[in-house]
Amino acid sequence: MSAQPTDRELVDAFIGGDTKAFSAIVEKHRARLTAMARRYTRNDDDAQDIVQEALLKASCNMASYRHDATLSTWLHRLVMNSGYDFLNHRSNRENASLDAEIIEDDRNYALAHNPSENLAERITVAQAMETLRQDQREALYLTDVAGYPIDTVAKVQGVAPGTVKSRRARARQVLRAAID
């Protein structure tokens, strides 16, 4: 009987085109990911949705996984991000349904998609991001958007964690000034 493949072997196999490798990753980590997702929701169906969203992100971005952290840590971070998204969207849906009651319109705003919503703010942020130095933009993106820990970003950028913190702080100042 052969030993179970390591996470690294499974990741490499999946990147190499073996779709069964991702199924093995899911089977290996699903129980812990689901337990973590339950922290963000009150029922198992929503927890499964959070895990499913995180696993979709994992499958689409597996090539960018750098082995800096363990695979389980990376997957947990994706579940955390999906959990935060779930909570934010739930809050937005509740607000949208209250707005719909006030307007007394028969459209369901929670299901509607308006691609131009917040367009001006998104353009302003995108333009402000372009004014940042590359190292500041990268530090801000990796920590605040991608959700990597500061220590991991410091290793990627080849600097001390304090340097990443200061780059991120300066980037945030520039963005705040541009938005205000």
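Here, every reference points to the structure presented above.
In this text the structure is predicted, and so the values were computed from the model without any measurement.

A. The overall build of the chain, seen in detail. Check the secondary structure of the chain and you find eight helices and zero strands. Element order for the chain, N to C, with α for helix and β for strand: α-α-α-α-α-α-α-α. When contacts within the chain are restricted to residue pairs at least 6 apart in sequence, those whose partners lie at least 24 apart make up 55%. For the chain, the accessible surface area stands at approximately 11,900 Å², while carbon and sulfur atoms represent 51% of it.

B. Molecular detail of the packing of aromatic side chains. Tallied over the entire structure, the rule returns three aromatic pairs. On the basis of an interplanar angle of 85 degrees and a centroid distance of 5.5 Å, the ring pair of Tyr-40 and Tyr-84 is categorised as edge-to-face. One end of the pair, Tyr-40, is in the loop between helix H2 (19–37) and helix H3 (44–61); the other, Tyr-84, is in helix H4 (residues 71–103), and 44 residues separate them in sequence.

C. Quick peek at the nonpolar core. Phe-22, Ile-25, Met-62, Leu-71, Trp-74, Leu-75 and Val-79 are the most contacted members of the largest nonpolar core, which totals 26 residues. When residues of this core are traced back to their parent elements, those giving at least two are helix H1 (7–15), H2, H3 and H4. Ignoring any residue separated from it by four or fewer positions in sequence, one finds Trp-74 in contact with Ala-58, Asn-61, Met-62, Tyr-65 and Tyr-148.

D. Spatial organisation of the environment of Ala-47. Inspection of the secondary structure assignment puts Ala-47 in helix H3. Overall, Ala-47 belongs to the buried group, its relative accessible area being 0%. Considering only alpha carbons, one finds Ala-47 and Ala-35, twelve residues apart in sequence, at a separation of 8.2 Å. Discounting chain neighbours no more than four positions away, the residues touching Ala-47 are Thr-34, Ala-37, Arg-38 and Thr-41.

Analysis parameters
Residues numbered from 1 in each chain as written. Predicted model: local features only at pLDDT ≥ 70, side-chain atom pairs only at ≥ 80, totals over all residues. Heavy atoms only, no water. Helix = DSSP H or I, 4+ residues; strand = E, 2+ residues; numbered from the N terminus. Contact = heavy atoms within 4.5 Å. Areas by Shrake-Rupley, 256 points an atom, 1.4 Å probe, with all protein chains shown as cover. Phe/Tyr/Trp six-rings, centres within 6.5 Å; stacked < 30°, edge-to-face > 60°. Core = buried A, V, L, I, M, F, W, Y, C linked by side-chain atoms within 4.5 Å. Buried < 20%, exposed > 50% of the residue type's maximum accessible area, 1.4 Å probe, protein only.

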